[in-house]
Amino acid sequence: MTSNKRTIPLFSSALANQGIDLAGAMRRVLESNSFVMGKEVAAFEAEFAAYTGVAHCISVANGTDALELALRALDLQPGQQVACVANAGFYSATAIHLAGGVPLYVEVDEQSLTMAPQALERALRDKPAAVIATHLYGQLADIEQLAALCRSAGVPLIEDCAQSHGASRGGRRAGSFGDIACFSFYPTKNLGALGDGGAVLTANDALAARLRALRQYGWSKKYEVAMLGGGNSRLDELQAALLREKLPLLEQHNARRRAIAARYNQAFAKLPLRLPVSVGADFAAHLYVVRTERREGLRAHLAECGVATDVHYPIADIRQPAFGGRYDGVSLPVSEAACASAMSLPCFPGMPDEDVERVVEAVAAFFSGAGA
Ligand SMILES: *Cc1c(COP(=O)(O)O)cnc(C)c1O
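Position numbers for residues count from 1 along each chain, tracking the sequence in the order it is written. Confidence filtering applies because this is a predicted model: local features only for residues at pLDDT of at least 70, side-chain atom pairs given and counted only at 80 or more, and all residues used for totals across whole chains, interfaces and linings. Side-chain numbers here rest on the full set of heavy atoms in the structure, without hydrogens or water.

- For the protein, an unreviewed UniProt entry supplies the name DegT/DnrJ/EryC1/StrS family aminotransferase and the organism Caenimonas terrae.
- As stated in UniProt under Sequence similarities (unreviewed entry), the record for the protein gives "Belongs to the DegT/DnrJ/EryC1 family." UniProt positions are given in the numbering used here, feature names are shortened, and annotations may be inferred rather than shown by experiment.

What follows is the structure in structure tokens.
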């Protein structure tokens, strides 16, 4: 069966940004002739801090920098361990290495695929200097439990919210549970710029001051270097202005993502697929990920039907070639099984109902034998 239909993309910037006056925001910045650390950045930081419910927002150049600077702000020392998961695309590991630390891998929960509290409890006996919990695919981790464990062990908790802008539980949003929260505004994220961007949020005044210095040469004020280890990681005015146009639409965009996820969950309920555990407020539906032993077959079938898919993420951190076998003695069965069976289906704001139904039909056809 070869389809002559247009391929449904995994994500479309054109559809997601439809109807938003991004050109107007760009013109505003052009006319201001202020391009770095001006009014748009200050306003976006205040607006995003208020939205998330955290006192301070320090915008940075991207989500990876956000994680690295969070670790530097916590004064991570060379060789110290940082607990993180192994099924979230290596972003934590990248930042940990940049900050001079070493990842301490923690197993994930079989249902949510986010850090398992019981596994963290064991890992905390190794006295890591910090913990990074990733709200994977937009699903809030068991973050209250993780935060309680970190608090009683005296270990700071960083939330990686790069996929979970606006996810909430009990009226609290992702980023307001730990000591520091890191966000990415990469174009495909739930709140996405037209280029790279990121932010670090914290309620702690001292950490906020350190983060402000770290993102800009270590400055306490212009040309006064208060701390070593600073760099240049700033969000620019153009991206801040674009993000300010999009922030007021985040709730609506997340609602559309969730509605698509809910339709899929309902349509796939009887199929031999593992589905996302929640389509409620605690899931920002950044990615709609199913798990199946027949991943390669299903992906090939969907490609034939004109439905784009991807795998988030195919290689567990501990199996990455860069480690050269360093973790060969480590086994994380749930994380590794997830990497072998997970696949993502199209789910984004602006995705038409008609395309959602085409995806539903194409998946159903595979399991009814038409594509098997
Ligand atoms: C995208 C992402 C990052 C990295 O953000 P960049 O802006 O691309 O550097 C970190 N963590 C997670 C979970 C992500 O999805």
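Focus: the overall build of the protein
Okay, step 1: Within the protein, the regular secondary structure consists of 13 helices and 13 strands.
Okay, step 2: Relative to the compact-globule value of 21 Å for 372 residues, the protein shows a C-alpha radius of gyration of 21 Å, a close match.
Okay, step 3: C-alpha extents for the protein along the principal axes are approximately 70 × 55 × 40 Å.
Okay, step 4: Partly exposed describes any residue whose relative accessible area lies between the buried limit of under 20% and the exposed limit of over 50%, with all areas from a 1.4 Å probe on protein chains only and scaled to the type maximum. By the burial criterion, 55% of the 372 residues in the protein qualify as buried.
Okay, step 5: The contact criterion used throughout is that any non-hydrogen atoms of two residues lie within 4.5 Å. Across the protein, contacts joining residues at least 24 apart in sequence account for 70% of those joining residues at least 6 apart.
Okay, step 6: Note on areas: these come from Shrake-Rupley sampling with a 1.4 Å probe, and a residue is covered only by the protein chains present in the view. Carbon and sulfur atoms provide 52% of the accessible area of the protein, an area that totals close to 15400 Å².
Okay, step 7: In the protein, 35 positive and 38 negative side-chain charges are present, and the distance between their average locations comes to 1 Å. In this description a helix means any DSSP run of H or I spanning at least four residues, a strand means any run of E spanning at least two, and both kinds are numbered starting from the N terminus. To get the radius of gyration, use the C-alpha atoms; to get the globule rule, take the number of residues to the power 0.38 and multiply by 2.2 Å. Residues scored as charged are limited to Lys and Arg (positive) and Asp and Glu (negative), so that His and the chain ends carry no count. Every charge is mapped onto a representative atom, which is NZ of Lys, CZ of Arg, CG of Asp or CD of Glu.

A word on the environment of Ala261
Okay, step 1: By the secondary structure assignment, Ala261 is in helix α10 (residues 250–267).
Okay, step 2: Judged by its relative accessible area of 0%, Ala261 is buried.
Okay, step 3: In this view, Ala261 contacts Val279, Phe283, Ala285, Tyr288 and Cys347; residues no more than four positions away in its chain are not counted.

Digging into a nonpolar patch on the surface
Okay, step 1: Distance thresholds for patches are 9 Å for like charges and 5 Å for nonpolar side chains (Val, Leu, Ile, Met, Phe, Trp, Tyr), applied to residues having over 30% relative accessible area and no salt bridge. Any carboxyl oxygen of Asp or Glu that lies within 4 Å of a side-chain nitrogen of Lys or Arg is treated as forming a salt bridge with it. A cluster of nonpolar residues, Leu30, Phe35, Val36 and Met37, forms a patch on the protein surface that exposes about 360 Å² of accessible area.
Okay, step 2: Structurally, the position occupied by Leu30 is in helix α2 (residues 22–32).

A few points about the site of the ligand
Okay, step 1: Residue proximity to a molecule or strand is established when one non-hydrogen atom of the residue lies within 4 Å of it. In the region of the ligand, the neighbouring residues are Asn62, Gly63, Thr64, Tyr91, Thr134, Asp160, Ala162, Gln163, Ser184 and Lys189.
Okay, step 2: A distance of 2.8 Å separates an oxygen atom of the ligand from a polar atom in the backbone of Gly63.
Okay, step 3: Polar contacts here mean pairs of N or O atoms no more than 3.5 Å apart (in protein, one a potential hydrogen donor and the other a potential acceptor; neighbouring residues in sequence count only if both atoms are side-chain atoms). One nitrogen or oxygen atom from the side chain of Ser184 is found 2.7 Å from an oxygen atom belonging to the ligand.
Okay, step 4: The protein chains hide 93% of the 380 Å² of surface that the ligand would expose on its own.

Considering empty space enclosed by the protein
Okay, step 1: For each structure, a 1 Å grid was placed over the protein atoms alone; sets of points admitting a 1.4 Å probe that cannot get out are labelled cavities, open sets with protein on both sides within 12 Å along at least five of seven lines are labelled pockets, and lining residues have an atom within 4 Å of a point. Grid points are joined across faces, edges and corners, and a volume is the space filled by probe spheres set on the points. Evaluation of the coordinates by the stated rule reveals one cavity of 30 Å³ or more.
Okay, step 2: Grouping the constituent residues of the lining of the largest cavity by class yields 10 nonpolar, four polar and two charged.
Okay, step 3: Each domain's extent was defined by an automatic or database domain assignment. Each of domain 1 (20–248) and domain 2 (249–368) gives at least three residues to the lining of the largest cavity. Note on residue classes: Ala, Val, Leu, Ile, Met, Phe, Trp, Tyr, Cys and Pro are nonpolar, Asp, Glu, Lys and Arg are charged, and everything else, Gly too, is polar.

Quick look at the domain arrangement of the protein
Okay, step 1: Parsing the protein into structural domains produces domain 1 (20–248) and domain 2 (249–368).
Okay, step 2: Using only C-alpha atoms to locate each centre, domain 1 and domain 2 end up separated by 24 Å.
Okay, step 3: Listed per partner, the contact involves 43 residues of domain 1 and 36 residues of domain 2.
Okay, step 4: Note on definitions: buried area is the accessible-area loss of two parts on being combined, 1.4 Å probe, summed for both. Taken together, both faces of the contact between domain 1 and domain 2 bury some 3200 Å²; the carbon and sulfur share is 54%.
Okay, step 5: Interface area lost by domain 1 to domain 2 is led by Glu107, Tyr137 and Asn190, which between them contribute 23%.
Okay, step 6: Summed over the shared surface of domain 1 and domain 2, the number is four salt bridges.
Okay, step 7: Arg173 is paired through a salt bridge with Glu251; the nearest N and O atoms lie 3.3 Å apart.
Okay, step 8: At the boundary of domain 1 and domain 2, one finds 28 residue pairs in polar contact (both at pLDDT 80 or more).

Description of the pairing of strand β4 (residues 130–134)
Okay, step 1: In terms of residue burial, β4 counts as a mostly covered element, since five of its five residues are buried.
Okay, step 2: Along β4, one buried face is formed by Ala130, Ile132 and Thr134 and the opposite face, lined by Val131 and Ala133, is buried too.
Okay, step 3: When strand β2 (residues 81–84) meets β4, the two strands line up parallel, connected through two bridges. Of the residues in β4, the one forming a bridge with Ala83 is Val131.
Okay, step 4: After leaving β4, the chain enters helix α7 (residues 143–153) and then returns to the sheet as strand β5 (residues 157–160), a path that is right-handed. Only strands that DSSP links by at least two bridges are regarded as paired with each other. Whether a crossover is right-handed comes down to one check: with the strands pointing away from the viewer, does the path from the first strand over the helix to the second run clockwise; if it does, it is right-handed.

Observations concerning the sheet that holds strand β1 (residues 56–60)
In a beta sheet, neighbouring strands pair by backbone hydrogen bonds and run either parallel or antiparallel.
Okay, step 1: Spatial ordering of the open sheet is given by β1-β9-β8-β5-β4-β2-β3, a layout of seven strands whose pairing is mixed. The sheet is open, and its two edges are formed by β1 and β3 (102–105), each paired on a single side. Along the sheet, successive strands turn relative to each other by an average axial angle of 25°, direction set aside.
Okay, step 2: Across four bridges, the pairing between β4 and β5 is parallel. Bridge pairing in β5 places Val131 opposite Leu157.
Okay, step 3: In this analysis an axis means a line fitted to C-alpha atoms, helices contributing only their contacting stretch, and an angle means the value between N-to-C directions, from 0 to 180 degrees. Against the sheet, helix α3 (residues 39–52) makes contact with β1, β8 (180–184) and β9 (198–202), and its axis sits at roughly 130° relative to β1, the strand it touches most.

Quick word on α2
Okay, step 1: If you check which residues of α2 are buried, you get Leu22, Gly24, Ala25 and Val29. In a view along the axis of α2, the buried residues occupy a sector of 165°, so they form one face of it. Seen from the buried face of α2, the exposed residues on the opposite side, beyond 90 degrees, are Leu30 and Glu31.
Okay, step 2: Looking at the buried side of α2, the elements it contacts are α3 and α9 (237–246).
Okay, step 3: Regarding α2, its N-cap is Asp21, as a side-chain oxygen of that residue lies 2.9 Å from the backbone nitrogen of Gly24 further along. Think of it as the arc spanned by the lines of direction from the helix axis to the C-beta atoms.

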